[in-house]
Amino acid sequence: WYQRRVREAVVSTQSTGSSGINAEYGDSSTIRTFFTNLPFPTSSSCVVHLRAVQTMAKKTGELLLKLRGLMTQNGQLAAYIVPSDDPHMSEYVSSNFCRRAFISGFTGSAGTAVVLQDKALMWTDGRYFLQAEKEMDENWSLMKAFMPGTPSKEEYLSSNLEKSSKVGIDPKTCSVQLFKTLNKQLRSAGMELVPVADNLIDKVWDDAPAAPSAPVFVHDIKYAGESASSKLETLRKKIKEKQCSAIVLSALDDIAWLYNLRGSDVNYNPVFYSFAIITPDSSTLFVDEARVGEEVRSSLTETSTKIQPYDAVYSSVKELTDRVFLPLSTNAAIAQAIPAEQWCVGMSPVQELKAIKNEVELQGMRDCHVRDGAALCEYLHWLETTDRDLDEVDGADQAELFRSKQDLYVSLSFDTISSSGPNGAVIHYKPEKGTCRNIDKSMVYLCDSGAQYKDGTTDVTRTVHMGTPTQQQRMCFTRVLQGHIDLAMAVFPAGTKGTCLDCLARRPLWNCGLNYQHGTGHGVGSFLNVHEGPCRIAAGNRMSKYEMGLQKGMILSDEPGYYEAGEFGIRIESLVEVVETEDIGPPDGRFLTFRPVTMAPIDLRLVDRELMSGDQVAWLNGYHATVREKVMALWEKQGKSEDLKKWLVNQTREI
């Protein structure tokens, strides 16, 4: 209610014709008058903070007007779809492909914009509802995907456009499967899906960033654990099993993993823009050759891999004969260059191979998580003991500084979510100087962070309270912790899908009428993308036929949460390794369970022990003993202070 009244006040002042710095957001005296008349006390700092939230919304009216003009010029399009995707269906994209963010102002990693001649709509999931509302202006309407009563994009267009309407989309930003689905639904409603080869957003984006050009580099075998030649041999066997004569790879992490190469084209994801075509007797990498140095060229020569220009893939696929395997990440433009009768569309066999880590990768993940946990502990200790006034960005920067001092550190693995109080309720919140909050030690503080190391990738969330939490906060935190532990203790047969386990993490919350609007777990790469398929742990209503069952050697996150809008957010996230149980199940098929990989304490000030079972308490005490042992051993080698060690002992004490 409060934020809605603020928004209404700001919008109403826009019609007053104010000049100067307040022209866009209204006269400051008008805003102050509004706040002084509210039926409860406010402060000037509150006014400044909420005005800053409003300034986050990008003004899109003029851009939409230009876009609609182009829609008319390009075949009288009634609607134009702007996905988040680049030509590789990446979750995170380089800045030159951030078209949806440019046209809408919404910067979340997931979402699809649909622009009609009289309105603009944004579909996104529950992680981003609050963020989207803040970042989009009055020209946009939020469509809460997966929520009751919210139609899908296809359903909305079919119901709200006239028959014979044309809907446009750039086929390079649309997967082959999505294009087929959209086309089928629109055709059944008497409409036409039109592939628009020249992206219309690019035509209104005058200062679009240049494409990435940093060099590609080799990922050493001592971290990869398997040669590229061996991986190619295995992949060719997989292609043969699928009765195909070739595979076209588009997913950037698939290509990086297969060739043991890495890049820096996408922030925090060590990948590079490329395609690949593999046949029984050839391997071709489509990448800007200027980015390939001698070491990379030598590595590719060992696998008899040829180099072709990046865009040449669209002509090269036309030369393929017989059946061609097209992973789900293949864009529609590539698929349309191949006769449909040659298609074999499915889950990438590289994703399936990559999801099960080899022993070198697993050891690297275990090792880097000890170093990462030690850095996070240093940050949390520093945060508790410093007398400085800090905002959320200061906190994120300091956490990064501690990590950067660890061996084999390369970069962060995503933007640090450093969120105090109500900002913690924004699930994928990103603090910005000038609009973020100070870190208030009397409020709940949520920090979701991670890093890329040469031997692995980390992702961890810890929620802490540096003062005295309320009983409500302790209850909510403990319910989240119970779900985290119950999932970590799960025992299940090999091949069980993560969606079958998701309810274990939600049950303690559901029993209290609580829930969270995001998945419970995702796969994680080895010095690769922090979000990796095809394994995951998510609610059953999001089950996919392409989801891979859980197998020994996988790494996933365990991250239930709870969020009260305008109050606080709670999430506890650790990475876990799928391992065999010692004696459960038959000798030739032991059941599986999870073993924590993340080494960072859980804040005991927020734990209500009386709510927990004996098994849950025993798990927590055992986990903390392991954290204390491993982190302390590293600190002994690093010569850390006694104060820091005493802090860790207290944080990991038995309850």
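Residues numbered from 1 in each chain as written. Predicted model: local features only at pLDDT ≥ 70, side-chain atom pairs only at ≥ 80, totals over all residues. Heavy atoms only, no water.

**What about the packing of helix H7 (residues 153-160) against helix H8 (residues 176-188)?**
Applicable threshold: Working convention: axes come from line fits to C-alpha atoms, limited for helices to the stretch in contact. Angles between N-to-C directions cover 0 to 180 degrees. Numbering of helices and strands runs from the N terminus, with a helix taken as a DSSP run of H or I at least four residues long and a strand as a DSSP run of E at least two residues long. Just so you know how the angles are binned, under 35 degrees is roughly parallel, over 145 roughly antiparallel, 65 to 115 roughly perpendicular, and the rest oblique. Crossing handedness is read from the near helix: turned anticlockwise from the far helix by less than a right angle, it gives a left-handed crossing, and turned clockwise, a right-handed one. Whether two residues are in contact is decided by their heavy atoms: any pair within 4.5 Å suffices.
Their axes nearest at 9 Å, the elements H7 and H8 cross at an angle of 25°. It follows from the interaxial angle that H7 and H8 lie roughly parallel. Relative to H8, the crossing made by H7 is right-handed. In this structure, H7 contributes Glu154, Glu155, Leu157 and Ser158 to the contact, and H8 contributes Thr181, Leu182, Gln185 and Leu186.

**Describing the side chain of Arg100**
Here is the rule we go by: Burial classification: accessible surface area is computed with a 1.4 Å probe over protein chains only, and a residue below 20% of its type maximum counts as buried, one above 50% as exposed, and the rest as partly exposed. Under this rule, positive means Lys or Arg and negative means Asp or Glu; His and the chain ends count for nothing. Basic side-chain nitrogens of Lys or Arg form a salt bridge, by our definition, when they fall within 4 Å of a carboxyl oxygen of Asp or Glu. A 3.5 Å cut-off defines polar contacts: any pair of N or O atoms within that distance qualifies, except that in protein one atom must be a possible hydrogen donor and the other a possible acceptor, and neighbouring residues in sequence count only when both atoms are side-chain atoms.
Mapped onto the fold, Arg100 is located in helix H5 (residues 99-104). Of the side chains bearing the opposite charge, Glu135 lies closest to the buried Arg100, which forms no salt bridge; the N-O distance is 6.6 Å. One polar contact links the side chain of Arg100 to the main-chain carbonyl oxygen of Gly108, over a distance of 2.4 Å.

**Considering the sheet that holds strand S18 (residues 451-453)**
The following threshold applies: In this description, strands pair whenever DSSP reports at least two bridges between them.
A sheet is described by the order of its strands in space; here 3 strands give the open sequence S15-S18-S19, paired in antiparallel fashion. Whereas interior strands pair on both sides, the edge strands pair on one side only; in this sheet they are strand S15 (409-412) and strand S19 (456-457). Here S15 pairs with S18 via 3 bridges, running antiparallel. Within S18, the residue paired with Ser411 across the bridge is Gln452. Across the sheet, helix H18 (residues 392-404) is in contact with S15 and S18; its angle to S15 comes to roughly 165°.

**Considerations on the nonpolar core**
Considering soluble globular proteins, one finds that nonpolar side chains tend to be buried as a cluster. Selection criterion: In this text, buried Ala, Val, Leu, Ile, Met, Phe, Trp, Tyr and Cys residues form a nonpolar core when linked through side-chain atoms within 4.5 Å.
Of all hydrophobic cores here, the largest spans 76 residues; its most connected members are Tyr379, Leu481 and Phe594. Contacts of Leu481, omitting those with residues within four sequence positions, involve Ile572, Ile602, Val607, Met612 and Leu620. Formed by 51 residues, the second largest nonpolar core is a distinct cluster that contains Val248, Tyr273, Phe286 and Val296.

**Regarding the packing of aromatic side chains**
What counts here: Here a pair means two rings of Phe, Tyr or Trp (six-membered ring of Trp) with centres within 6.5 Å. Their orientation is stacked below 30 degrees between planes, edge-to-face above 60, and tilted elsewhere. Only when the NZ atom of a Lys or the CZ atom of an Arg is both within 6 Å of the ring centre and within 35 degrees of the ring normal do we say a charge sits over the ring.
Across all of its chains, the model carries 11 aromatic pairs by this definition. Here the aromatic rings of Tyr379 and Trp382 are separated by 6.2 Å at their centres, their planes lie at 25°, and the arrangement is stacked. Of this pair, Tyr379 and Trp382 both sit in helix H17 (residues 359-385), 3 residues apart, which is roughly one turn of the helix. Overall, Tyr379 belongs to the buried group, its relative accessible area being 0%. For Trp382, a relative accessible area of 16% translates into the label buried. Each ring, one from Tyr409 and one from Tyr453, has its centre 5.9 Å from the other, and the planes form 75°; the classification is edge-to-face. Residue Tyr409 is located in strand S15, and its partner Tyr453 is located in strand S18; the two are separated by 44 residues in the primary sequence. Looking at Lys172, its charged tip hangs above the ring of Tyr314, at a distance of 4.5 Å from the centre. Residue placement shows Arg371 over the ring face of Tyr453; its charged tip is 5.2 Å from the ring centre.

**Observations concerning H17**
The condition is simple: A helix is expected to span 1.5 Å multiplied by its residue count minus one.
Taking 1.5 Å per residue as the helical rise, H17 with its 27 residues ought to reach 39 Å, and the 39 Å between its terminal C-alpha atoms agrees with that figure. With 20 of its 27 residues buried, H17 lies for the most part within the structure. Capping of H17 at its N-terminal end is provided by Asn358; its side-chain oxygen lies 3.0 Å from the backbone amide nitrogen of Val360.

**Details of the sheet that holds strand S2 (residues 112-116)**
The strand order S4-S3-S2-S1-S5-S6 describes an open sheet built from 6 strands, whose pairing is mixed. At either end of the open sheet lies a strand with only one pairing partner, and these are strand S4 (140-144) and strand S6 (192-195). On average, adjacent strands in this sheet sit at an angle of 25° to one another, irrespective of strand direction. Here strand S5 (residues 166-169) runs beside S6; their pairing, made up of 4 bridges, is parallel. In the sheet register, Gly168 faces S6, and the bridge partner there is Val194.

**Structural notes on unusual backbone geometry**
Here the bond from Gly533 into Pro534 is cis, since omega is 0°, no more than 30 degrees from zero. Backbone geometry at Gln76 places phi at a positive 55°, although glycine is not the residue there. Tracing the sequence through the fold places Gln76 in the loop between helix H4 (61-73) and strand S1 (79-82). Its identity is not glycine, yet Leu408 carries a phi of approximately 65°, on the positive side. Locating Leu408 in the fold gives a position in the loop between H18 and S15.

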